[in-house]
Amino acid sequence: MSASGTGQAAATMQVPMLDLQAQYRPIRDAVLDVVTRVCDSQRFIMGPEVEGMEREMAAYLGVAHAVGVSSGTDALLLAMMALGIGPGDEVITSTYSFFATAGCVARLGAKPVLVDIDPVTYNIDPAATAAAVTPRTRAIIPVHLYGQSADLDPLLDVAARAGVPVIEDAAQAIGATYKGRHVGGLGRAGCFSFFPSKNLGAFGDGGLVTTNDDTLAAELRRMRVHGTERQYYHQVIGGNFRLDALQAAVLRVKLPHLAGWTEARRRNAARYDQLFAEFGLAGAVTLPATAPDRHHIFNQYVVRVPNRDAVKAYLESRQVGCAIYYPVPFHEQACFAYLGHRSGQFPHAERAARETLALPIFGELTAGQQRYVVSAVAEALSRTA
Ligand SMILES: Cc1ncc(COP(=O)(O)O)c(C=O)c1O
C-alpha cells in the first residue's frame, strides 16, 4: 500500500475527517429507544432526562455540580455572566482557539486580553498569562486545545495571586486529565461542548458547565432560566441557556461509551506516531506532543507540515479529509481589530495558524486508512518539497 520510495500514488481510498455513522450504528437501537421515551413523555425542555444527565456527568467528571446548557458557547457565556463579568473587565485568554472563547468575553462588554501559546502543546503560555494581568483582570480562560489540558498549575497560581477565577474552556477535552484529575473540575468553572464532532457529541447543540462551588452552581441554574427561581419573578437578568431533554437522553446513552471511544482515538494517535516514523517522516512532520502528567483525549490529531496549504490540497485530491484549526488567530480577526493588535505580536500562534493540519482521528478509523493517510502525506511532501 505504501507509495514511499516508488513515487507512485497508491490506489485511492476514501478517508473522511469524521465518520459519525460508524459510531452511531452500534448504538442506534439504544438511541432510538430513549428518543421514543422522550417523545412519549412529551417533556422536551429540562426535566428528568436533563437532571439524570447532570448527575451522571458530575459523577464521571468528579465534580460537585454539572449544569446542562444549550451549547459550549452558552456554557462560556453563562459561566462569565454568573461570575459577574461585564463592561470594563478584562479576561485573559489564548489568541488561538475556536471563536467562542474570545467572542463570549466581547459579547459581555468585557475586553479579551489575548496572549500567545506554547508552541509545543498549542495551549496558553502561563508566563505570558502572568505578564498580562492588570488591576482590571477578572478571569483567566485557558483552553484545553485539541483535547489536551493546558498547564493548569501555573495558571491557577497566577489567578490566585490576582484574586480571579479560572474558567476552563474544556469544550474539546471531555475526559482529559491534568495530574490525574479531570479537566473542568480544576478551575472555578469548566465549560464543555456536546457539538456532534466532540468526543461526546449530542444530536444537535448542547453544553455543560461544571463547578465545585455551591454558590456559583445556584447562580448558574438561576441564570440559565432568565434569572428566575420562581417562574415570572426575576432576581437577576439571565438568559435561555436550557438544554433539551432529547439531547440529554442521547448523551446518557453515549456517556458509558466515552472511555472506549477515547481509548480508540488514543490508539489511533499512537498508530499515526508509529506510521510517521516508519515512513521516515518524523523529522519533516511535527507530531502532537503530550506533556507529562496529562491524559490527551485527541479530539484532534494536529501535525505541523511544511507547505501546509499544498499538503492539504494534495490530501483532499487523494480523498483524505483534513482540516485547519485555526487559520486566523483572534488578534488577526477583523472583528477584533478594535483591540489594536498587529501581526507578528503572537508569533507562536501565527506560526501554528500557518503550519498545522488536523488529520482524521475518530475511533473507528482503521489501520489501513491510517496507513493510506500517512502515505498520502509522504507523497504530498515529496511533491511539494
Ligand atoms: C475551544 C472551544 N470553545 C468553545 C466552543 C463552543 O462550543 P459550541 O460549538 O458547542 O457552542 C468550541 C466548539 O467548537 C470549542 O472548540
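What comes next concerns the included structure.

Cut-offs used in this document
Residues numbered from 1 in each chain as written. Predicted model: local features only at pLDDT ≥ 70, side-chain atom pairs only at ≥ 80, totals over all residues. Heavy atoms only, no water. Near = heavy atom within 4 Å. Polar contact = N/O pair within 3.5 Å; in protein donor to acceptor, adjacent residues only side chain to side chain. Areas by Shrake-Rupley, 256 points an atom, 1.4 Å probe, with all protein chains shown as cover. 1 Å grid on protein atoms, 1.4 Å probe; cavity = no way out; pocket = protein on both sides within 12 Å on 5 of 7 lines; lining within 4 Å. Sits in = over half its atoms within 2 Å of the grid points. Salt bridge = Lys/Arg side-chain N within 4 Å of Asp/Glu carboxyl O. Helix = DSSP H or I, 4+ residues; strand = E, 2+ residues; numbered from the N terminus. Buried < 20%, exposed > 50% of the residue type's maximum accessible area, 1.4 Å probe, protein only. Contact = heavy atoms within 4.5 Å.

**A few points about the site of the ligand**
By nearness alone, 15 residues border the ligand, and G72, T73, D169, S193 and K198 come closest of all. Within the side chain of Q172, one N or O atom sits 2.8 Å away from an oxygen atom of the ligand. In isolation the ligand exposes 390 Å². Once the protein is present, 93% of that is buried. When each cavity is represented as a set of grid points, the ligand is found to reside in the largest pocket.

**Here's the deal with the pattern of salt bridges**
Under the defined criterion, the tally for this structure stands at 19 salt bridges. E56 serves as the salt-bridge partner of R252, at 2.6 Å between the closest nitrogen and oxygen. Of this pair, R252 sits in helix α9 (residues 245–254) while E56 sits in helix α3 (residues 48–61); the two residues are 196 residues apart in sequence, bridging distant segments of the chain. Among the residues examined, E56 registers a relative accessible area of 30% and is labelled partly exposed. The structure contains a network of salt bridges with shared partners spanning R37, E49, E56 and R252.

**Quick notes on the environment of F98**
Locating F98 in the fold gives a position in the loop between β2 (90–94) and α5 (100–107). For the pair formed by F98 and G68, sequence separation is 30 residues and the distance between their alpha carbons is 20 Å. In this structure, F98 is in contact with Y326 and F330, ignoring residues within four places of it in sequence.

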